[in-house]
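If you want the building blocks of each chain, they are given just below.
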Amino acid sequence: MKRLCGRIAVVTASTDGIGFAIAQRLAQEGAKVIISSRKEKNVNKAVDKLCKEGLDVKGLVCHVSNATDREKLFDQAHKLGGLDILVSNAAVNPEVGDVLDCSESSWDKIFDVNVKSSFLLAKEAVPLLKQSKSGRLIFISSIAGFQPFNLLGAYSVSKTALLGLTKAAALQLAPDGITVNCVAPGIIQTKFSDALTSSESARTEALSRIPLNRLGDTNDVSGVVAFLASNDGAYVTGENIVVAGGMASRL
Ligand code: NAP
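The structure presented is a predicted model; accordingly, all values stated were derived computationally and were not measured.

**A few points about the overall build of the protein chain**
When helices and strands are counted, the protein chain shows eight helices and seven strands. Scaling as 2.2 N^0.38, a compact globule of 251 residues should have a C-alpha radius of gyration of about 18 Å, and the protein chain matches this with 17 Å. Split into buried and exposed, the 251 residues of the protein chain put 52% on the buried side. Contacts in the protein chain between residues far apart in sequence, at least 24 positions, make up 71% of those at least 6 positions apart. A total accessible area of about 11800 Å² is found for the protein chain, and carbon and sulfur atoms account for 53% of it. Across the protein chain, the 28 positively charged side chains and the 25 negatively charged ones have centroids separated by 5 Å.

Below is the structure:
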């Protein structure tokens, strides 16, 4: 499918895992995609891989908490002709544990990267998105934002905040024709979820909570993002879409 020909997309934290799969899928659908992450060698490797697949991608270093890095991201989009799609995907979890045991420094880091950077990226993207005929803002939350994981306490709360940011921004940007949605993945096999899936016992415990009885693949998430980014998703806004194999997702 080539639903995104002529569109320009920025995907943060897109040199590995879910972000990489999203960048790859948007590019396969015809978009020009700007990929980024903190480490230059990861950016170069990802750009190289996608270019070899014949995809139209550019890459640059962007730590999402760094204002200068974010500015460079949007400058690059401007140079390519504008911005139609922003996928805010970066997140960290520096500490494992229950929510009220989280240190203040980890709390600040989690909220800085997972929530504040998503807010700032969205805010900074709006002037460009307003010039697009089909502006799309997509946040990547987590099933943990609906149903907190006890070992990912503060991280879960940060992901719940994105559900609210989605609703609020969708209302604000609807008059400009920009849709704002959020995708909440379940347990997807990436480096980030290694602790939840690598040992036999952790895997069995994870699978016991997934009605479809399999861990998610990064492509399970990228397809949903591509739908939201395309004209097929044009009438969907303010939604938090769970991609979690049936895991419990009531707030
Ligand atoms: P991952 O495989 O560990 O990949 C992380 C990517 O983020 C890498 O490209 C990394 O590259 C980049 N990155 C990390 N910190 C960054 C920062 N501050 N600024 C810019 N880039 C940064 O992670 P993932 O599993 O794909 O997770 C992606 C998103 O999905 C996150 O928002 C996560 O919360 C969410 N999610 C994941 C799962 C899951 O089970 N995997 C479930 C629910 C939600 P560098 O090291 O070069 O920066």
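**Overview of the sheet that holds strand S1 (residues 8-11)**
The sheet built from seven strands is open, its strands ordered S3-S2-S1-S4-S5-S6-S7 with parallel pairing. The open sheet terminates on both sides in strands that have one partner only, identified here as strand S3 (57-61) and strand S7 (240-243). The average undirected angle you get between the axes of adjacent strands in this sheet is 20°. Of the pairings in the sheet, the one linking strand S2 (residues 32-37) to S3 comprises five bridges and is parallel in character. Bridge pairing in S3 places Val33 opposite Val57. Packing of helix H2 (residues 40-52) onto the sheet brings it into contact with S2 and S3, and relative to S3 it is tilted by some 175°.

**Describing the site of the ligand**
Surveying the vicinity of the ligand reveals 29 residues, the closest of which are Ile18, Ser37, Asn89, Tyr155 and Thr190. When isolated, the ligand has an accessible area of 890 Å², and the protein chains bury 93% of it. Mapped by element, the contributors of at least two residues to the shell around the ligand are helix H1 (17-28) and helix H5 (153-173). Taken together, the residues that form the shell around the ligand break down as 13 nonpolar, eleven polar and five charged.

**Overview of the confidence of the model for the protein chain**
The predicted model of the protein chain has a mean per-residue pLDDT of 97, with 100% of residues at 70 or higher. No element of the protein chain has a lower mean pLDDT than helix H6 (residues 194-197), at 88, and none a higher one than strand S4 (residues 85-88), at 99.

**A closer look at helix H4 (residues 104-130)**
A turn of α-helix holds 3.6 residues, and therefore any two residues three or four places apart point the same way. Its 27 residues place the ends of H4 37 Å apart at the C-alpha level, agreeing with the 39 Å of an ideal helix rising 1.5 Å per residue. At Asp112, H4 shows its largest bend, some 40°.

**A short note on the pairing of S1**
Residues of S1 alternate between two faces, with Ile8 and Val10 on one and Ala9 and Val11 on the opposite face, all of them buried. Taken together, the four bridges between S1 and S2 define a ladder with parallel strand orientation. Within S2, the position partnered with Val11 by the bridge is Ile35. Direction of pairing for S1 relative to S4: parallel, over a ladder of three bridges. Its bridge partner being in S4, Ala9 is matched across the sheet by Ile85.

Rules of the game
- Residues numbered from 1 in each chain as written.
- Predicted model: local features only at pLDDT ≥ 70, side-chain atom pairs only at ≥ 80, totals over all residues.
- Heavy atoms only, no water.
- Helix = DSSP H or I, 4+ residues; strand = E, 2+ residues; numbered from the N terminus.
- Rg over C-alpha atoms; globule rule 2.2 N^0.38 Å.
- Buried < 20%, exposed > 50% of the residue type's maximum accessible area, 1.4 Å probe, protein only.
- Contact = heavy atoms within 4.5 Å.
- Areas by Shrake-Rupley, 256 points an atom, 1.4 Å probe, with all protein chains shown as cover.
- Lys, Arg positive; Asp, Glu negative; His and termini not counted.
- Charge placed at Lys NZ, Arg CZ, Asp CG, Glu CD.
- Pairing = 2+ DSSP bridges.
- Axes fitted to C-alpha atoms, helices over the stretch in contact; angles between N-to-C directions.
- Near = heavy atom within 4 Å.
- Nonpolar A, V, L, I, M, F, W, Y, C, P; charged D, E, K, R; others polar.
- pLDDT = per-residue confidence, 0-100.
- Expected span 1.5 Å × (residues − 1).
- Bend = angle between axes of the 7 residues up to and from the residue.

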